[in-house]
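# Residue-level structural notes
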Amino acid sequence: MRRRLFVMLTIAAALLVAAVVRMSPVSAVASDPYAYKNVRIDGGGFVPGIIFNQTEKNLIYARTDIGGAYRWNQSTKSWTPLLDWVGWDKYGYNGVISLATDPVQTNRVYAAVGMYTNSWDPNNGAILRSTDKGDNWQVTPLPFKLGGNMPGRGMGEALSVDPNNNAVLYLGAPNGNGLWRSTDYGATWAKVASFPNAGNYAQDPNDSTGYLSHRPGVVWVTYDPRSSAKGSTTKTIYVGVADKENSVYRTTDAGATWSRVAGQPTGYLAHKGVLDTVNGYLYIATSDTGGPYDGGKGDVWRYNTATGAWTRISPVPSSSSDDTFGYSGLTIDRQKPGTIMVATQVSWWPDVIFFRSTDSGATWTRVWDWTSYPNRSFRYKQDITENPWLTFGANPQPPELAPKLGWMTESLEIDPFDSNRMMYGTGATIYGTEDLTKWDSGGQFTIKPMAKGLEETAVLDLISPPSGPPLVSALGDIGGFRHTNLDAVPSMIFTAPIFTTSTSLDYAEKSPSIMVRAGSFKDSDRPNDSHVAFSTDGGANWFQGTEPGGIDEGGTVAAAADGSRFVWAPKGATPVYSVGFGNSWQQASGLPTDAIVESDRVNASKFYGFSGGRLYVSTNGGASFTATAATGLPTTGKFKAVPGKEGDLWLAGDGGLWHSTDSGASFAKLSGITSSVNVGFGKAAPGGTYMAVFTVATIGGVTGLYRSDDAGANWVRINDDKHQWGNMGEALTGDPRVYGRVYVGTNGRGILYGDRTGPPVTVTPTVTPTVTPTVTPTVTPTVTPTVTPTVTPTVTPTTGSGCSATYKSTNEWSGGFQAEVTVKNTGTAPISGWKVTWTWSGNQKITQLWNGTPTQTGTNVSVVNASYNGSLASNATTSFGFTGSYTGTNTPPTTLTCTPA
C-alpha cells in the first residue's frame, strides 16, 4: 500500500535566546530574478480527481491531495500548476478536496481547499475563485476546516456549479458542517439550514489523532439540468452523504426542502453520483469504506429518475464471494450516454479492474479476464516508455504484472467530447488512453501515462555532488531517483534495496561517487532488506549492508568526507557507525536517539549531530560524540557543513539562522532573520571565495527563498509571491557546479530547480570565515568481523615491509554474494600502498567494489588501495569490500597474496 506522505513543518513565531557571537546586521533584502522548472519525474502521488468541463473542449483540471491543482494544456499534452502562489502561511491550500469548472462561463473555476481537519493544519479551509481558468485567484475563507489529505478524499465532487444559473454553487462539507451554498459566484457562503444530514461515517470514530475519526460528511452534488430553464436556478439536485443508511438526498425546489430518496440501497457509502440526462438515470458507485486505501465490498446502482425504481447493476455484486472490492471511478460517455464505466476503488491483487457497459449497466465487460489461472487476457496494452519507473522496479510473477493498471482509482473520466479519450487517477500518476472504443470492437486500446507537468512528490532530502549526476533525491512514497538530466524522467527508482520512503542522503565530499541513503518500508514486506544502502558509482547502482536489530525507519545518515565510514541515526534507535559499507555497526556513544547527523566536508574523522537544541561533535569517526558549549540554539532544526571548510556549519530552525566556524563550539545568530527552515550551499559567485548560501527563511518579515554570496552578510530573495510552493524547504541544496542554481524540495509539488535570469554577478567577499578546529585527530579505522574468516592468508615476512590479506564472506544469495577483505601491515615499517591478488576456483566475477580499485582477467583478480587507505602503520589494518556474481558454486579463494608498496 502506498500512502501519501505528509511532512508537517511549522514555523514558530517566538525568537530564541541570543547566540554567543553576533554578526553584523543583514542588509536590506533585494531580489534576484530566477526562472524555475520542475525536475521532471511526472506524477509520484495520488490524483483523487480529474474534472472535464462539460461545454468547452480540452478544458480539463486535476486535483491532488497535497500538491495543489492543475490545468491541462492540449497543445503540449501536459499539466500547468495553478496554486504555486500558496505559501508557508497557507500551505494547507495545496490540499484540494474538490474542484468545479463552470459550464456557463468556462473561464470560471473554483477549488475547495484545506489539507487537514485536525490540528496538523492551523488554518480553516477556503474557496478559491478564478475568472481566468486558474491563472489568478481570489480567496473566500470558510468557518471550518477541509481535508484534502484526509480519509474519503476521493469521493465527490463536493463542490459544484449550477449549470443553469452559474452564480449558484454548492459545497458539501465534512465533520458535521453539512451543505453550503453561494449565490454570488462563490464570494460568500451560507449553510443550507434545511439540509437534513451532515453524514455520520468515520473510519475509526475513536482515533485520538483526529485523522481516522474524520467524517467526510457531504461528499457529492449532482444537478439535473432538465428541471429548469437556462438562467433559472436548477430545481432538482441530488446530494451524496457519507452515511451507510442514508446516502442520497434530493431537492425538487432549488434547495428549499430536501428528502431522502426513497428505496435507495443501504449498507454502503456512495462514492460517486453521476446523472445520465438523456436516459434519465442516476448512477451511484458504492463501497464499504470511504477509502482511498481500502474497500472490500460494494455495488453499482441505477436510479430511474422518472419511475423512482432502483436497480442493482453491479458487474460483481456485493453478495458474490468474488466481490473483494468497492466501486468508484464512475463515468458516462456523454457522446453515447448508454455507455458507462466503473472501476474497482481498490483491488490490490492482482490489479484494478475497469468495467464497461454499452447498455446502461445491463451487461458488462472487463478490462481483463481470467483465462487459465494464473493467466489473464487483456483488452488493453500498456506503454510506459515515457515514465519507465512506473514498474517500481518490480518483476512479479503471474497473475501480477508490472506496471499495474493502478490503485486507488477514485476518478475515471471519459472525455465528454471524445469517446476515445479517457483519463484516470491512481496512487502514483494519471493514466489515459486516446483509443478507448477499441474495447468495443475487439481490439486492444493503449494506456499511457498522462502526467507530464504534474509533479506531486514529497521531497525529504536532496544532494548535488561536485561530480557525477547533478542531483539525487530522497522522496516519500516512491523512494527517490538519480537525476542525470533534470528535464527528463529518470528510468527507475532506487532499487537494491527498494525503500518506500527515502529519508536521508549523503555523499563523500572528497570521493563523491560514494553515496549512502537511508529509508523506510514495511518490514513484513521485505524482512531480509536493510534500511540503509550504499553506492560507489554515484547512485547508479546500490547495495545494502547489514543493520542492527530493531530498525523500522531510516532516520538520517552521513558519509565521511573520504567515504571510509558512515554514521547512521535510524529513527527510534541508538545511533551507530560503520567502518566500510555497513558490514558491521557499532553503537555511537554520547549522541541522543533521533539526532540529525551530518559529516564534516573536509575532516573524514569528524561528524556532527543535533538534538534538543544541542550540537554534538565526534572527532573519532562517529565512535563517540560530545555536546559543545553552544547555547541559544533552536530545539529542532536542520544543519549542514560547508564543503571545503572544516568546522564551518550553518543551522536553520525556529527563531533564526545560525553560523559556526569552529565546529559548533559557538554559533553566531544572523540579525534580521526571524526564522528559517533549511539551508544549503552552491557554487560561489564569480570573484567570490565562499560558497553561495541558500535558505528558506523569514527575512525582513517576508518568508521566501534567499541566496547570499558573502557568507550571510547580504541576502537576495530568489523567488516571488507567485512561486512559493506551499511548505517548501524540507529539502534544499545549491549546485556546486553552476553558480546560482538552487534545488528546492516541496511537500507535494515535487522538486523545483531555479537558475538566475538577471545580469552577471561579481562579488568581492565581505566576510571571510576563519575556521578554528577544536580537534584534528588522525584515526586508524578498525573492523570488527561479524563472521569467522573462511580463508587463512598467506603472510609475507614480519620484519621490514610486509602485509597480509584475510577474506571473509559476509552475505550470499542466489547467483550473488558479498565479501570483505582485511589488509594488515605485518611488517615493522609503514607502507604507503598495497596490492592484493587471488585466483577464483569458479566463475565468480566482481560486480562492484569499494575502498579499492579492482582488475579482473578471467579468474585472476587484483585490488590496489584507494587514495585514502593505502598508508598503514605497522600492525594497522584497513579493508575493502565487494559484491559479485556466480553460477554453480561460490567457493572462496584458497590463497590471497598481499604485496606492499
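The text that follows walks through the structure, step by step, so that each part is easy to find. (Residues numbered from 1 in each chain as written. Predicted model: local features only at pLDDT ≥ 70, side-chain atom pairs only at ≥ 80, totals over all residues. Heavy atoms only, no water.)

This part takes up the overall build of the protein chain. When you go through the protein chain residue by residue, the secondary structure sums to one helix and 68 strands. The C-alpha radius of gyration computed for the protein chain amounts to 30 Å, which stays within 12% of the reference 29 Å derived for 901 residues, consistent with globular compactness. Seen through its C-alpha atoms, the protein chain measures out along the principal axes to roughly 105 × 70 × 50 Å. For the protein chain, the proportion of its 901 residues judged to be buried stands at 61%. With the model as given, the accessible surface of the protein chain reaches about 30800 Å², and the carbon-plus-sulfur share is 50%. (Helix = DSSP H or I, 4+ residues; strand = E, 2+ residues; numbered from the N terminus. Rg over C-alpha atoms; globule rule 2.2 N^0.38 Å. Buried < 20%, exposed > 50% of the residue type's maximum accessible area, 1.4 Å probe, protein only. Areas by Shrake-Rupley, 256 points an atom, 1.4 Å probe, with all protein chains shown as cover.)

One finds Phe354, Trp389 and Leu405 to be the most contacted residues of the largest nonpolar core, which totals 58 residues. When residues of this core are assigned to their parent elements, the largest contribution, four residues, is made by strand S25 (residues 340-344). Every residue in contact with Leu405, bar those within four places of it in the chain, is listed here: Asp351, Val352, Phe354, Val367, Trp368, Tyr380, Gln382, Tyr424, Thr426, Tyr431 and Ile447. Among the nonpolar cores identified, the runner-up in size contains 23 residues, and Ala819, Leu849, Leu872 and Phe880 belong to it. (Core = buried A, V, L, I, M, F, W, Y, C linked by side-chain atoms within 4.5 Å. Contact = heavy atoms within 4.5 Å.)

Read across the open sheet, the four strands follow the order S42-S43-S44-S45; overall the sheet is antiparallel. Of all the strands in the sheet, just strand S42 (553-559) and strand S45 (586-587) have a single pairing partner and so form its edges. Where S42 meets strand S43 (residues 565-571), five bridges bridge the pair, whose relative direction is antiparallel. Considered in S43, the bridge of Val557 is made with Trp568. (Pairing = 2+ DSSP bridges.)

Moving on, we come to the pattern of salt bridges. Opposite charge on two side chains makes pairing possible when the charged atoms of those side chains draw close. Enumeration over the complete set of coordinates arrives at 29 salt bridges. Of the charged contacts, one joins Asp369 and Arg379 as a salt bridge, the two residues approaching to 2.9 Å between their closest N and O atoms. Of this pair, Asp369 sits in strand S28 (residues 368-370) while Arg379 is found in the loop between strand S29 (376-378) and strand S30 (380-382), placing the two residues ten residues apart along the sequence. Taking the relative accessible area as the measure of exposure, Arg379 reaches 25% and is therefore partly exposed. Close ionic contact of Glu646 with Lys606 constitutes a salt bridge, the shortest N to O distance being 3.0 Å. (Salt bridge = Lys/Arg side-chain N within 4 Å of Asp/Glu carboxyl O.)

Let us now look at a nonpolar patch on the surface. Residues Trp348, Trp349, Trp370 and Tyr373 make up a contiguous nonpolar surface patch of about 470 Å² in total accessible area. A relative accessible area of 57% places Tyr373 in the exposed class. (Patch = residues over 30% accessible without salt bridge, like charges linked within 9 Å, V, L, I, M, F, W, Y side chains within 5 Å.)

The subject of this paragraph is unusual backbone geometry. Of note, the amide linkage connecting Gly156 to Glu157 takes the cis form, showing an omega dihedral of 20 degrees. Inspection of the secondary structure assignment puts Glu157 in the loop between strand S11 (138-141) and strand S12 (159-161). Of the consecutive residues Pro398 and Pro399, the connecting peptide bond is found in the cis state with omega at 15 degrees. Despite not being glycine, Ser663 has its phi angle at roughly 60 degrees, a positive value. Within the secondary structure, Ser663 sits in the loop between strand S52 (656-660) and strand S53 (668-669). Look at Ser663 and you get buried, because its relative accessible area is 1%. Its identity as a non-glycine residue notwithstanding, Asn875 has a phi of 70 degrees, on the positive side. Inspection of the secondary structure puts Asn875 in the loop between strand S66 (860-865) and strand S67 (877-885).

Applying the stated rule across the entire model yields one disulfide. At a sulfur-sulfur separation of 2.0 Å, the disulfide partner of Cys803 is Cys898. Here Cys803 and Cys898 share a disulfide; its torsion about the S-S bond, -105 degrees, makes the bridge left-handed. In this pair, Cys803 sits in strand S61 (residues 803-813) while Cys898 sits in strand S68 (residues 896-900), placing the two residues 95 residues apart along the sequence. A single burial state applies to Cys803 and to Cys898, both of which are buried. (Disulfide = S-S within 2.5 Å.)

Our next topic: the environment of Leu269. Its place among the elements puts Leu269 in strand S20 (residues 269-276). You can call Leu269 buried: its relative accessible area is 0%. Spatially, the C-alpha atom of Leu269 lies 9.4 Å from that of Ile284, the residues being 15 residues apart in sequence.

The next subject is the side chain of Arg40. Positionally, Arg40 belongs in the loop between strand S3 (34-38) and strand S4 (49-52). Assessed through its relative accessible area of 16%, Arg40 is described here as buried. A distance of 2.7 Å separates a polar atom in the side chain of Arg40 from a polar atom in the side chain of Glu386. In this view, Arg40 contacts Glu386, Lys452, Glu455, Leu486, Asp487, Ala488, Val489 and Pro490; residues no more than four positions away in its chain are not counted. (Polar contact = N/O pair within 3.5 Å; in protein donor to acceptor, adjacent residues only side chain to side chain.)

Our next topic: the packing of aromatic side chains. Within the structure shown, the criterion is met by 49 aromatic pairs. Here Phe144 and Trp180 contribute two aromatic rings whose centre-to-centre distance is 5.1 Å and whose plane-to-plane angle is 55 degrees, an arrangement assigned as tilted. You can see Phe144 sitting in the loop between S11 and S12 and its partner Trp180 sitting in strand S14 (residues 179-182), a full 36 residues away along the chain. As far as burial versus exposure is concerned, Phe144 and Trp180 are alike and both buried. On the numbers, 5.7 Å between centres and 50 degrees between planes, the contact of Phe543 with Phe581 is tilted. Residue Phe543 is located in strand S41 (residues 543-544), and its partner Phe581 is located in the loop between strand S44 (576-579) and S45; the two are separated by 38 residues in the primary sequence. An aromatic cluster is built from Tyr807, Phe817, Trp834, Trp838, Trp840, Phe880, Phe882 and Tyr886, whose rings are joined through pairwise contacts. Note that Arg356 overlies the ring of Trp439, its terminal NZ or CZ placed 6.0 Å from the centroid. The side chain of Arg517 reaches across the aromatic face of Phe499, ending 4.5 Å from its centre. (Phe/Tyr/Trp six-rings, centres within 6.5 Å; stacked < 30°, edge-to-face > 60°. Lys NZ or Arg CZ within 6 Å of the ring centre and 35° of its normal.)

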